[in-house]
Amino acid sequence: MSDPITPEALFRRRREFLQNAGLLAATAVVTGGSLYAVSGGGARRRAGAPEVAPSTTPMPAGPDGERLTSLRDVTSYNNFYEFGLEKEDPAALASRLTLRPWTLSVEGEVNEPRTFDIDALTKAFPLEDRVYRFRCVEAWSMVIPWQGLPLRSLLDAVKPTSRAKYVVFESVVRPEELPGQKAQLLPWPYVEGLRLDEAMNDLTLLATGLYGKPLEAQNGAPVRLVVPWKYGFKSAKSLVRIRLVEEQPATTWNVVAPTEYGFFANVNPAVDHPRWSQATERRIGEAGRRPTLPFNGYGEQVASLYRGVDLTRFF
Ligand SMILES: Nc1nc2c(c(=O)[nH]1)N[C@H]1C(S)=C(S)[C@@H](COP(=O)(O)O)O[C@H]1N2
Ligand SMILES: [Mo]
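Residues numbered from 1 in each chain as written. Chains lettered and ligands numbered in written order. Predicted model: local features only at pLDDT ≥ 70, side-chain atom pairs only at ≥ 80, totals over all residues. Heavy atoms only, no water.

> For the overall build of the protein chain, give the residues involved together with the corresponding values.
Looking only at helices and strands, the protein chain features nine helices and 14 strands. Counting over 315 residues, the protein chain shows a buried share of 54%. Counting only contacts in the protein chain whose residues sit at least 6 apart along the sequence, the fraction spanning at least 24 positions is 70%. Summing over all exposed atoms, the protein chain offers an accessible surface of approximately 13,800 Å²; the carbon and sulfur share of this is 54%. (Helix = DSSP H or I, 4+ residues; strand = E, 2+ residues; numbered from the N terminus. Buried < 20%, exposed > 50% of the residue type's maximum accessible area, 1.4 Å probe, protein only. Contact = heavy atoms within 4.5 Å. Areas by Shrake-Rupley, 256 points an atom, 1.4 Å probe, with all protein chains shown as cover.)

Given below as structure tokens:
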């Protein structure tokens, strides 16, 4: 922990250096009620993209001063059923997934459908740093420093039609590389979905990296969704297709067990899962439990999306 040469320490030092040198273009992001500077360290800004003033706020440890979860825990305690059911399966088998070439198509109710090569995608859009809490429905949580592009930038680029109401996310299907697909642990592909306004919210991220490095396969390389106010299963990994549609899509866990996993899946301490109380959570790397926050602490940014919705019924 006190060893300064951890990946985390290097990451933080690089950030501080860039920060002090005024090299970080920063975007202000409100996390958990406090205003933090979330800066674009190492980001490639597209020529002609608007410049954002450098931040004067120091890089936070995490939302509300919470400690970042160690890189080791983030990359070795995973849910990714394509690789198997155990938390250590994804890291152990990650090297089986071929990450290049990789394309992500964006199609359906859009005026300009496109297929992006993954390396072109990360060059075409400015990448941002976002430190988010991540809460699994199994009642464990982490704090993860992601890099990625706001999903909204990508959706704006393909120009949704007026019929687009939902966004569908499809993970890769490759049974030869993914033992959990060969074993048919779930119906494949893993599919998730958001309402268009949820997808367009500023918090919704297409992550391509964490801790300043490209994603490892176990975290959903080369590109995965991150929706920090929803349970982790909404954040589909290793995406190959994004589709805009008119109707609410069938999504993996909601189809497998509809009474346990809702379509919305907003983090909600007041609505328990049949097997896990959602009132508290175990922060990985910490002793004891901490209270779970409504919308995982992001209510200020997202509660208005659900005005008039009975969140007990639409869990
Ligand atoms: N394709 C795919 N995406 C997935 C999953 C999965 O099994 N397959 N598991 C989900 C669940 S339940 C969680 S908690 C998060 C875990 O992300 P992490 O391992 O990067 O922390 O990924 C989500 N995305
Ligand atoms: Mo999860």
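From this point on, the discussion continues.
> Before we move on, can you summarise the nonpolar core with the specific residues and values?
With 76 residues, the main nonpolar core has Trp146, Leu151, Leu154, Phe169, Leu206, Trp229 and Ile242 as its most contacted residues. Not counting the four nearest positions on each side in its chain, Leu154 is found in contact with Leu104, Val106, Phe116, Leu121, Phe125, Leu149, Leu206 and Ile242. Grouped together as the second largest cluster of nonpolar side chains are five residues, Tyr166, Val168, Val245 and Phe263 included. (Core = buried A, V, L, I, M, F, W, Y, C linked by side-chain atoms within 4.5 Å.)

> Break down the side chain of His273 for me, citing the residues and quoting the values.
Within the fold, His273 resides in the loop between α8 (252–256) and β13 (280–283). The exposure class assigned to His273 is buried, which follows from its relative accessible area of 5%. Of the polar contacts made by the side chain of His273, one reaches the side chain of Glu260; its length is 3.1 Å. Not counting the four nearest positions on each side in its chain, His273 is found in contact with Val137, Glu260, Tyr261 and Gln278. (Polar contact = N/O pair within 3.5 Å; in protein donor to acceptor, adjacent residues only side chain to side chain.)

> Outline the pattern of salt bridges, supporting the account with residue identities and numerical values.
Considering all chains together, one arrives at 23 salt bridges under this definition. For Arg243, the salt bridge goes to Glu170, with nearest N and O atoms at 3.2 Å. Of this pair, Arg243 sits in strand β12 (residues 239–245) while Glu170 sits in strand β7 (residues 166–171), and the two are 73 residues apart along the sequence. For the salt bridge of Lys182 with Glu176, the shortest nitrogen-to-oxygen distance reads 3.1 Å. (Salt bridge = Lys/Arg side-chain N within 4 Å of Asp/Glu carboxyl O.)

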